[in-house]
Amino acid sequence: ETAHSNGTKGDFANRRDKRVQQDLVRDAGLRAVRQACGEKFEDVEEFLGSEQFPVVLKPTDSAGSDGVKLCHSFEQAKEHFHHLLTVEAVNGGYNTQVLCQEFLQGKEYVVDHVSRNGVHKTMMVWVYDKRPRNGSQFVYFGMLPIDPTSDEAKVLIPYTRGVLDALGMRHGPSHGEIIITNDGPCLVEMNCRAHGGDGNWTPLARALTGSYCQVDVTANAYLDEEEFQKVPDVPPSPLKAHGLEINLVSYSKGKVKSMPGFDVIKKLPSFVWLSPAVSIGSEVEYTIDLITSPGCCVLMNSDENVLKKDVDFIRYLEEINGLFVYETKGESLARPNVNTFGLGSLPSGKKSHHKRSSTLDRPGLLRIMSQDRPELRMGLGLRKRMTTVDASREVVVVTDPYSTGCLIVKEVQSRGYKVIVLWTRGFSEEMKKHVPLSCGKMNYFAEVDEADDVGETTRQLYKAAGTFRIVACIAGGEAGVDAADVLSERLLVRTNGAQGVFANRRDKKVQQELLKAAGMRSVRQAAGTEWNDTVESFLKNETYPVVLKPTDSAGSDGVKLCHNYEEAKEHFHALFEIEAVNGGFNTEVLCQEFLRGKEYVVDTVSRDGEHKTCAVWVYDKRAANGAAFVYFGMVPIDTSTQEAKLLINYCNRTLDALKMQNGPSHAEIILTASGPCLVEMNCRAQGGDGNWQQLAQALTGGYSQVEASVDAYLDKKAFSVLPQIPPSPAKAFGQEVILVSYAEGEVVATPGYDVIKKLESFVYLETGVATGSHVEHTVDLVTSVGSVILLHQDEDVVKKDIATIRELEKNNKLFDFVKNSMMMKAVSTLNFQNLSLSNVM
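Given the structure is predicted, the values throughout are model-derived calculations rather than measurements.

### Remarks on the overall build of the protein
Of the regular secondary structure elements, the protein holds 22 helices and 38 strands. Relative to all contacts within the protein whose residues are 6 or more apart in sequence, the contacts with residues 24 or more apart total 72%. Accessible area of the protein: about 34500 Å², with a carbon and sulfur share of 50%.

This is the structure we're talking about:
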């Protein structure tokens, strides 16, 4: 008997040629792809000049998806055309022709057949589960079987058989990749062989059909006609089992230390088979295509509900980055501050790795304010309050005003006072220019530079004041706290003092020592101006991770979570070599236990030892993009809750222990299993450009820490009538939403901003990301992409709008990125390299 052959006569000699396939399909009257093919670019130039982009370019005769690329412009297409003619094909040899085709839009399917003497039997119909993730529009999540009686299958099966006839495919296995477009099914390509992917799908296929798969029937087609005839024309309906192949997706990156998620997957009730594409020591990347998928698995179960739970659990493992444990790196614990969203400025000589706008580059800084919320402006106008008969003859000294300090200056000036600014030594010129856009241009009565000694500085302030009476000295930023304490004593105005240990109350180590002396919960710690036995002993005996930070820098400058002794030692030495954010260099490094629990901020204003809480906030921190602590927002806490009562009481006692009797402060506190514990007390107003001011005013019904701070210094009566704590319930609902990017690339458009500013609760958006910016996956505050304030009288409206923003982030709809040429590998042709195969049947 003659061996079964598809033959090599005429056009069929080149049936594997993708161009020939489309020509034969078109000649048979079936939907085919618009295309052009050539050995020279001139052969396809007219097609590329008229076809709508994107277009697909691929070699005509290479294996499967070797060299297949989606090109988004004429220039990209031209470059890839020439590239394909110069590189070796995956199967050896060189490409001789390049095929340019229309890009088909729609769901992608695979139809497996086996044929004998022109009789085509459908083995299985699959659909690819493709979704946008990590900035890529086409990430494969899996391959699902389709019921052969479904509407899709009823269209796909006869079309595919028509294609096989058109190609003269009378014998053997095949699998057609087909997209259902708006005008019907259209061939991507017909692979004249069995479905690939290492045959990982065979146990699933046998369970779905009840006994057979494409591999088994292929043998029958060539060797046993009787058995081939017994095989059904199409798979049974309903299918005999429930199952699918899952392509694993990574939302994180790093060097793999262990793979606990794989052990969990193998214990799922539906588990059949697992093939990791990574192993211990491998580098995992964010999954943006099949090359960056960390592996695949097959799940199968007779109970559809059990299968669904197992699929959902794997997707949950991926989202919480539970598949892998990575080798640890020093992890930034930076908290929101003026530089968070590319809005602040860095000291001279420091460069950001983000190509973003800063306050110094105002044309690129975007601030969108709501123009249709009149209720936000009601009753919140500027107030004129005088402390004497003629306050216009009085002056207030503000040290190093930037960020929220500028808002305090504006509030002071609105009440009729002049303002003298004192710039402390080492405060950078860039930071002097850091002015929130809401403040506009800053005008001062006088500006004084700190002298070599406090006596001379005091004389210069009196000289600048002239005939004006100095009535207050207020810290306008972290760097100005110490100077404000010292000078307020010299100027004989309201002061916190700078005597004894309290001269260093801004020192984080001193703060914890004062708390410990007062019998309060404090952090285990050790500090040193150099590497010494005390520091070494602490780091060798403390439970990891530990926190290292400069003792006297601003907020979270240089703060890092270190996971082992070597990392901690390295960061300790590094902190003495880098410039602090406020200028100057770090002189002492503090090593502390890592506090576990929710993190809160308590904003307070004090006058003569009486403390009034202005707001209590909790940071919304979650794991994302492989990082354990990504800030998603700052949420106000109702002051009648038990947590707020604990925090307020602890904060007030902390202020007493630090002898913080006057002015604004904001405490960062973690609520541990053993109660609240201070992270640090910032002896100034909360930062972040004061973006929270309008929200705080609405929550309280009219005031924020900014106004209360000026009351504490300049208006005793107004301060006395302020409530001890904000009202409960709050007068409105809202929060700050910190924007998180799950994608990276160069921004060409910001469609998400248009959606956000139309939200019903929208107040404002501030971001340094604009067209031309480079965005990275958000793993810390440096890589956050903006801040949004939402505010409304209806809590449900706020919740709905937050959900909308989170959907924009998750689906990568905040930004449009430059579309690079994208390799389009199909699952059926992908070969995972160096697979570590786990097969449990």
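Back to the text.
### Here we look at empty space enclosed by the protein
Unfilled space is identified by rolling a water-sized probe across the atoms. Enumeration according to the criterion identifies 8 cavities of 30 Å³ or more in this entry. In this structure, the second largest cavity spans a volume of roughly 120 Å³. Taken together, 17 residues make up the lining of the second largest cavity; nearest its centre are Ala-475, Asp-485, Asn-496, Asn-662 and Tyr-713. Of all elements in the fold, only β21 (469-475), α13 (481-490) and β29 (663-672) reach the threshold of two or more residues within the lining of the second largest cavity. The element best represented in the lining of the second largest cavity is α13, accounting for 4 residues. The class makeup of the residues in the lining of the second largest cavity is 9 nonpolar, 5 polar and 3 charged.

### Describing the nonpolar core
If you look at the biggest cluster of nonpolar residues, it comprises 47 residues, and the most contacted ones within it are Val-397, Ile-420, Leu-461, Leu-491, Ile-669 and Met-681. It is helix α17 (residues 642-657) that contributes the most residues to this core, 7 residues altogether. If we skip the residues at most four places from it in the chain, Leu-461 touches Val-397, Ile-420, Leu-422, Val-448, Ile-470, Leu-487 and Leu-491. Membership of the second largest hydrophobic core comes to 43 residues, among which are Val-396, Val-409, Val-471 and Ala-472.

### Focus on the pattern of salt bridges
For the structure shown, the criterion picks out 40 salt bridges. Where Asp-129 meets Arg-131, a salt bridge forms, and the shortest distance between an N and an O atom there is 2.7 Å. For Glu-680, the salt bridge identified is with Lys-508, shortest N-O distance 4.0 Å. In this pair, Glu-680 sits in strand β30 (residues 675-682) while Lys-508 sits in helix α14 (residues 508-517), placing the two residues 172 residues apart along the sequence. An identical accessibility class is assigned to Glu-680 and Lys-508; each is buried. Salt bridges here are not isolated pairs; linked through shared partners, they connect Arg-31, Arg-34, Glu-51, Glu-102 and Asp-183.

### A few points about helix α9 (residues 304-319)
For α9, built from 16 residues, the straight-helix expectation of 22 Å at 1.5 Å per residue is met to within 8% by its first-to-last C-alpha distance of 23 Å. All of the buried residues in α9 are Leu-307, Asp-310, Val-311, Ile-314, Arg-315, Leu-317 and Glu-318. Along α9, the residues classed as buried sweep out an arc of 155° about the axis, all on the same side. Looking at α9, the residues exposed on the side facing more than 90 degrees away from the buried face are Asn-305, Lys-308 and Lys-309. Taken together, the buried residues of α9 touch β6 (119-133), β7 (136-145), β10 (242-247), α8 (260-265) and β14 (295-301). Between the side-chain oxygen at the start of α9 and the backbone nitrogen of Asn-305 there is a gap of 2.9 Å, and the oxygen is on Asp-303. Taken from the residues just after α9, Asn-321 is the one with a positive phi, measuring 55°.

### Considering helix α5 (residues 202-209)
Of all 8 residues in α5, 6 are buried, a share of seventy percent or more. Along α5, the residues that are buried comprise Thr-202, Pro-203, Leu-204, Ala-205, Leu-208 and Thr-209. The first or second residue beyond α5 is Gly-210, which carries a positive phi of 100°.

### Considering the pairing of strand β4 (residues 98-102)
As a general feature of sheets, a regular strand has side chains that alternate between the two faces. Extensive coverage of β4 is indicated by the burial of 5 of its 5 residues. Where strand β1 (residues 35-38) and β4 come together, 4 bridges link them in antiparallel fashion. Following the sheet pairing, Gly-38 is matched in β4 by Val-98. With 5 bridges joining them, strand β2 (residues 55-59) and β4 adopt antiparallel strand pairing. Paired with Val-55 across the two strands is Glu-102, which belongs to β4.

### Overview of unusual backbone geometry
Of the consecutive residues Ser-237 and Pro-238, the connecting peptide bond is found in the cis state with omega at 0°. Its place among the elements puts Pro-238 in the loop between α7 (225-230) and β10. Residue Pro-729 is bonded to the preceding Ser-728 through a cis peptide linkage, with omega at 0°. With respect to the secondary-structure elements, Pro-729 resides in the loop between α20 (716-721) and β31 (733-739). In this model, Leu-492 sits at a positive phi of 60°, which is unusual for a non-glycine residue. Within the element layout of this structure, Leu-492 appears in the loop between α13 and α14.

### Some points on the environment of Glu-542
Here Glu-542 shows up in the loop between α15 (533-541) and β23 (546-550). We classify Glu-542 as buried; its relative accessible area is 11%. Sequence separation between Glu-542 and Phe-594 is 52 residues; the distance between their C-alpha atoms is 9.5 Å. Glu-542 has contacts with Arg-524 and Glu-593, leaving out every residue within four places of it along the chain.

### Points about the confidence of the model for the protein
When pLDDT is averaged along the protein, the result is 87, and 87% of the positions lie at 70 or above. Every residue in residues 378-389 is under pLDDT 50, and counting partners more than four places away or in other chains gives 26 contacts. Under a pLDDT of 50 for its full length, residues 822-841 has, in the predicted model, 73 contacts with residues more than four places off or in other chains.

### A short note on the sheet that holds strand β36 (residues 816-817)
If you trace the 3 strands from one edge of the open sheet to the other, you get β34-β32-β36, paired in antiparallel fashion. The outermost strands of the open sheet, each flanked by one partner alone, are β34 (774-775) and β36. In terms of strand pairing, strand β32 (residues 745-749) meets β34 through 2 bridges, oriented antiparallel. The residue of β34 that forms the bridge with Gly-745 is Val-775.

### Things to note about the sheet that holds strand β11 (residues 254-258)
The 3 strands are arranged β13-β11-β15 in an open sheet whose pairing can be described as antiparallel. At either margin of the open sheet sits one strand with a lone partner, and together these are β13 (283-284) and β15 (325-326). Two strands pair when backbone bridges link them, and β11 and β13 are joined in this way by 2 bridges, in the antiparallel orientation. What sits directly across from Lys-255, in β13, is Glu-283.

### Points about a nonpolar patch on the surface
Residues Val-264, Phe-313, Tyr-316 and Ile-320 make up a contiguous nonpolar surface patch of roughly 330 Å² in combined accessible area. Residue position: Ile-320 is located in the loop between α9 and β15. The class for Ile-320 is partly exposed, based on a relative accessible area of 38%.

Rules and cut-offs
Residues numbered from 1 in each chain as written. Predicted model: local features only at pLDDT ≥ 70, side-chain atom pairs only at ≥ 80, totals over all residues. Heavy atoms only, no water. Helix = DSSP H or I, 4+ residues; strand = E, 2+ residues; numbered from the N terminus. Contact = heavy atoms within 4.5 Å. Areas by Shrake-Rupley, 256 points an atom, 1.4 Å probe, with all protein chains shown as cover. 1 Å grid on protein atoms, 1.4 Å probe; cavity = no way out; pocket = protein on both sides within 12 Å on 5 of 7 lines; lining within 4 Å. Points joined across faces, edges and corners; volume = space filled by probe spheres on them. Nonpolar A, V, L, I, M, F, W, Y, C, P; charged D, E, K, R; others polar. Core = buried A, V, L, I, M, F, W, Y, C linked by side-chain atoms within 4.5 Å. Buried < 20%, exposed > 50% of the residue type's maximum accessible area, 1.4 Å probe, protein only. Salt bridge = Lys/Arg side-chain N within 4 Å of Asp/Glu carboxyl O. Expected span 1.5 Å × (residues − 1). Arc of directions from axis to C-beta. Polar contact = N/O pair within 3.5 Å; in protein donor to acceptor, adjacent residues only side chain to side chain. Pairing = 2+ DSSP bridges. pLDDT = per-residue confidence, 0-100. Patch = residues over 30% accessible without salt bridge, like charges linked within 9 Å, V, L, I, M, F, W, Y side chains within 5 Å.

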